Amino acid sequence: MIGLISATAAGAAARDRLAAAWPDRTRVYDGPVGDAVRSAFAECGQLVCFLATGAVVRLIAPLLDEKTTDPGVVCVDEGGRFAVSLVGGHAGGANELAREVGEVLAAQPVVTTATDSVGLPGLDTLGFPVEGSLAIVSRALLDGEPVALRTELTWPLPPLPLAEEGAYTVRLTDRAVAPAEHEVLLRPPSLVVGVGASRSAPVDEVLTLIEGALRDAGLSPRSIAELATVDAKADEPGIVEAAARLGVPLVTYSAEELAGVEVPNPSDAPLAAVGTPSVAEAAALVRGGELLVPKRKSGAQPAMATCAVVRRLARGRLAVVGLGPGARDLLTPRARAELRRASVLVGLDQYVDQIRDLLRPGTRVLESGLGAEEERARTAVAEARAGHAVALIGSGDAGVYAMASPALAEASDDIDVIGVPGVTAALAAGAILGAPLGHDHVSISLSDLHTPWEVIERRVRAAAAADIVVTFYNPRSRGRDWQLPKALGILGEHREPTTPVGVVRNASRPDESSRVTTLGALDPAWVDMMTVVTVGNTATRNIAGRMVTPRGYRWQETAPEGAE
């Protein structure tokens, strides 16, 4: 919960805007400011104070305890111009909260944490428990000292400017080892503990069993991702409380699912009790992984709990990102986030150049030239299969005549695939032309490099006969100069020469150009591969120089003033 505190009418107005935007995330604290801050600090995970930073510093100073547990605090000035991350930038989430507040209130986020200021992700913001010399190793990264990365497990880390060798080390491990001098340990959530228990098994017996199993196997309890058991034990108090004390979720599976898992140590007892010959081993193994600790029983007499431990490696991650038509302000926030998250970027060289400045230090860039789409798709999938976090970029929307199709044709279910939509050329051009896509519309590529012309022509004829607005992608190049006139001729068999046509080149880019003409007047020489051509239907009109296709076919009997 985010506590909101204000002292003035202006502050209260901004506070109320934030509360209205986040009704389920915020709580307003009224009354004397000092009392409100103290109450919110004790009760909330984060605070937004619509007060001067000096006042907030004085109020929270006596309350501060430990940076890993204190709430994150953001201050917003009286004019609502700045959202300042005051304390708890990383551990308390104040840096990200300042950015979120800035988006809602149109305020400038102010983040002074050193790593954030230079574009480096903090080692304590990667989502893993961290042990060791965090401040020293982070300072080495900031100073450009060589920091070595030791990965004992494959995991899709975000980009980090790490080297093969160095006096400082970041080690990714789930083993129960102590950090060396000048070393940071990252604990990935790689361990799944399967648990079985008799009715009313004590929580202490369950925890003692789990801790002993991990200790004997040399594994860190901080890398436990989840406890897993059978559905019939979903409300077993000892198991539920054990998960709560460990701070991990409890995941359950049906007896039928677990019975289908091959395990080394099946038993008749659980089969009779809950309908599966294995609970602990099967629940740990049901989603795959390496069995590190086979089923073992607790030391109590009689034993009331069993457990097994599996190492489940993270799946690689492939984000297929649409960059939009070219303008930076048409690149979506989600696309920006994925670009900054990826440790490997794959893309056409000219598209990489568009967003190179957005990449975090340490991002590995794999770029190639025109005509290598399938190679880029294979490369991106291979990198994801190797366990990396990959972004494969394309212009416009990656799913429209771009990289999503070849990538997903190459990928199987062994990696996670995330689609990030972008503003495609038809939409960017449509916004420039007016509202040509107000009713049914279709996009057709006139490139016959991958599709036979006979198929393209059949689609154009179908769109012409159906009276659908058509946007032509890839309309004309030096080696393909007859397809566009042919397609326009097919549309002309069903539409008047006065049908409005929009021609947009380099939509949203600095050298953008556009014109609204007619089907009869369009000169194909105006068109190249950087152009999209939108042909209206029989209801489309030119109104004040803009293409407008009505949402229905009931057009005004008398055309509006300015219509042609």
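Heads up: these notes are all about the structure in this document.

So, how was this worked out
- Residues numbered from 1 in each chain as written.
- Predicted model: local features only at pLDDT ≥ 70, side-chain atom pairs only at ≥ 80, totals over all residues.
- Heavy atoms only, no water.
- Helix = DSSP H or I, 4+ residues; strand = E, 2+ residues; numbered from the N terminus.
- Contact = heavy atoms within 4.5 Å.
- Areas by Shrake-Rupley, 256 points an atom, 1.4 Å probe, with all protein chains shown as cover.
- Buried < 20%, exposed > 50% of the residue type's maximum accessible area, 1.4 Å probe, protein only.
- Pairing = 2+ DSSP bridges.
- Arc of directions from axis to C-beta.
- Axes fitted to C-alpha atoms, helices over the stretch in contact; angles between N-to-C directions.
- Core = buried A, V, L, I, M, F, W, Y, C linked by side-chain atoms within 4.5 Å.
- Salt bridge = Lys/Arg side-chain N within 4 Å of Asp/Glu carboxyl O.

**Here's the deal with the overall build of the protein**
Across its full length, the protein carries 18 helices and 28 strands. Here the C-alpha coordinates of the protein stretch approximately 90 × 65 × 50 Å along the principal axes. Sequence-distant contacts in the protein: of pairs separated by 6 or more residues, those separated by 24 or more amount to 63%. Approximately 26200 Å² of the protein is accessible, and the part contributed by carbon and sulfur atoms is 50%.

**Side note on the side chain of Glu383**
Relative to the assigned elements, Glu383 resides in helix α14 (residues 373-385). With relative accessibility at 16%, the residue Glu383 sits in the buried group. In contact with Glu383, not counting residues within four places along its chain, are Val344, Arg364, Leu366, His388 and Val390.

**So, the environment of Asp349**
Locating Asp349 in the fold gives a position in helix α13 (residues 349-355). Considered as a pair, Asp349 and Arg222 are 127 residues apart in the sequence and their alpha carbons are 41 Å apart. Look past the residues within four positions of Asp349 in its chain and what remains in contact with it is Glu367, Ser368 and Gly369.

**Topic: the sheet that holds strand β28 (residues 546-548)**
Across a sheet, strands are paired by hydrogen bonds formed along the backbone, either parallel or antiparallel in direction. If you walk across this open sheet you meet the three strands as β21-β28-β27, and the pairing is mixed. Two strands lie at the open edges of the sheet, namely β21 (434-435) and β27 (541-543), each paired on one side alone. As defined by bridge partners, β27 adjoins β28 across three bridges and the pair is classed as antiparallel. Bridge pairing links Ile543 to Arg546 in β28.

**Thoughts on helix α6 (residues 134-142)**
Those residues of α6 that sit buried are Val137, Ser138, Ala140 and Leu141. Buried residues of α6 fall within an arc of 155° about the axis and therefore sit on the same side. Across from the buried face of α6, at angles greater than 90 degrees, the exposed residues are Ala135 and Arg139. Against β8 (147-151), β9 (168-172) and β10 (183-186) lie the buried residues of α6. Trailing α6 by a residue or two, Gly144 shows a phi angle of about 80°, which is positive.

**Observations concerning the environment of Ser200**
Within the secondary structure, Ser200 sits in the loop between β11 (191-197) and α7 (203-217). Residue Ser200 is classed as exposed on the basis of its relative accessible area of 56%. As for Ser200 and Leu142, which are separated by 58 residues in sequence, their C-alpha atoms are 53 Å apart. If sequence neighbours within four positions are ignored, Ser200 has contacts with Glu236 and Met304.

**Notes on the sheet that holds strand β20 (residues 416-420)**
Across the sheet, which stays open at both edges, the five strands sit in the order β18-β17-β19-β16-β20 with parallel pairing between neighbours. Two strands close off the open sheet at either side, each with one partner strand: β18 (364-368) and β20. Taking the axes of each pair of neighbouring strands and ignoring which way they run, one obtains an average angle of 15° across the sheet. Relative to β20, strand β16 (residues 317-322) runs parallel, the two being bridged by five bridges. Within the sheet, the bridge partner assigned to Val320 lies in β20 and is Gly419. The strands that helix α12 (residues 333-341) touches are β16, β17 (344-348), β19 (389-394) and β20; relative to β16, the one it contacts most, it runs at about 140°.

**A few points about the nonpolar core**
Val193, Val195, Ile210, Leu214, Ile224, Leu227 and Val309 are the most contacted members of the largest nonpolar core, which totals 23 residues. Counting only elements with at least two residues in this core, the list comes to β11, α7, β12 (224-230), α8 (237-246) and β15 (305-311). With seven residues, the single largest contributor to this core is α7. The residues contacting Val195, other than those within four sequence positions of it, are Val206, Ile210, Leu227, Ala228, Thr229, Ile239, Val279, Ala280, Thr306 and Cys307. Grouped together as the second largest cluster of nonpolar side chains are 21 residues, Ile444, Leu446, Leu484 and Val527 included.

**Details of the pattern of salt bridges**
Applying the stated criterion across every chain yields a total of 33 salt bridges. Among the salt bridges present, the one from Asp216 reaches Arg296, with a minimum N-O distance of 3.0 Å. You can see Asp216 sitting in helix α7 and its partner Arg296 sitting in strand β14 (residues 290-297), a full 80 residues away along the chain. For Asp216, a relative accessible area of 55% puts it in the exposed group. Taking the shortest distance from any N to any O, the salt bridge between Glu493 and Arg461 comes out at 3.3 Å. Residue Glu493 is found in the loop between α18 (483-492) and β24 (500-505), and its partner Arg461 is found in helix α17 (residues 453-465); the two are separated by 32 residues along the sequence.

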